[in-house]
Amino acid sequence: ATVDAARLRSERDAAEREAQKARQVSRFLTDLFEASDPFTAKRVAGRSALELLDDGAKRVEEGGALAGEPEVRAALLDTLGEVYGGLGLSDQALRANAQALALRRERLGAAHPETLESRLAEVSLTRGAGKLDEACDLARALLPELESALGPHDWRVAELKMQLTLAILEKGSLDEARDLIVSVVSIEESQRPPDPARLSRLLGVQSSVSSRKGDA
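Summary of the structure given here. Bear in mind the structure is a predicted one, so any value in this text is a computation, not a measurement.

Reading guide: rules and limits
- Residues numbered from 1 in each chain as written.
- Predicted model: local features only at pLDDT ≥ 70, side-chain atom pairs only at ≥ 80, totals over all residues.
- Heavy atoms only, no water.
- Helix = DSSP H or I, 4+ residues; strand = E, 2+ residues; numbered from the N terminus.
- Buried < 20%, exposed > 50% of the residue type's maximum accessible area, 1.4 Å probe, protein only.
- Contact = heavy atoms within 4.5 Å.
- Areas by Shrake-Rupley, 256 points an atom, 1.4 Å probe, with all protein chains shown as cover.
- Expected span 1.5 Å × (residues − 1).
- Arc of directions from axis to C-beta.

**Brief notes about the overall build of the protein**
Part 1 of the reasoning: Helices and strands together make up the secondary structure of the protein, namely 10 helices and zero strands.
Part 2 of the reasoning: Each helix and strand of the protein, placed in order from N terminus to C terminus, yields the pattern α-α-α-α-α-α-α-α-α-α.
Part 3 of the reasoning: Burial analysis of the protein (216 residues in total) assigns 38% to the buried set.
Part 4 of the reasoning: Excluding contacts between residues fewer than 6 apart, the proportion of contacts in the protein whose partners are at least 24 apart in sequence is 53%.
Part 5 of the reasoning: In the form shown here, the protein has an accessible surface area of approximately 11600 Å², with 52% of it arising from carbon and sulfur atoms.

**Concerning helix H3 (residues 49–61)**
Part 1 of the reasoning: In this model H3 runs 18 Å from its N-terminal to its C-terminal C-alpha over 13 residues, within 8% of the 18 Å that 1.5 Å per residue would give.
Part 2 of the reasoning: Of all the positions in H3, only Leu52, Leu53, Gly56, Ala57, Val60 and Glu61 are classed as buried. Here the buried residues of H3 occupy an arc of 165° about the axis, which is enough to place them on one side.

**Describing the environment of Lys21**
Part 1 of the reasoning: Relative to the assigned elements, Lys21 resides in helix H1 (residues 2–33).
Part 2 of the reasoning: Sequence-wise, Lys21 and Ala74 are 53 residues apart; in three dimensions their C-alpha atoms are separated by 9.8 Å.
Part 3 of the reasoning: Look past the residues within four positions of Lys21 in its chain and what remains in contact with it is Glu71, Val72 and Glu114.

Spelled out as structure tokens, the structure:
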């Protein structure tokens, strides 16, 4: 009973730390774009959203923002990498990701789930940059570590295999892509409950792979 109580406290504390990090990241991004005070209004006036995003990224990357909170800073850099990636700005995305990954390796260790998640983001961003061979190499190196740390049926393993499938598909290797996507769909279907959006996306990719295989 004592062991169970300690484990529950540990899980509760970890969840609270994650929630606190998420709140701080959200607050930073909100403050970046909102003119809720005269100083912020002056800084925001006449500037594009991308200019404001670049300004925020510079503050975080140079250590001026959240300098004393490396884990929150890493989470924010990870988020900035995703935003830049979504905008198709691969250089900025990969730079933010590299800093997040370095911070997490130093602070949390190479095998920590958050460090592994930054490496997963690196695979996605590298593929998005069109560096398909490099993305495949990164994914194949990460896969056994992710499976060992999180288990073979974790959704992040499925996401990594998904990114590898897409990179292989974009390279034109249909047979390998077909085998991988079957594995990915199986992992997602084993989740309790499965994520409907993720499963729909996976089934869409599987359908695309099958149709392209038929055309080959």
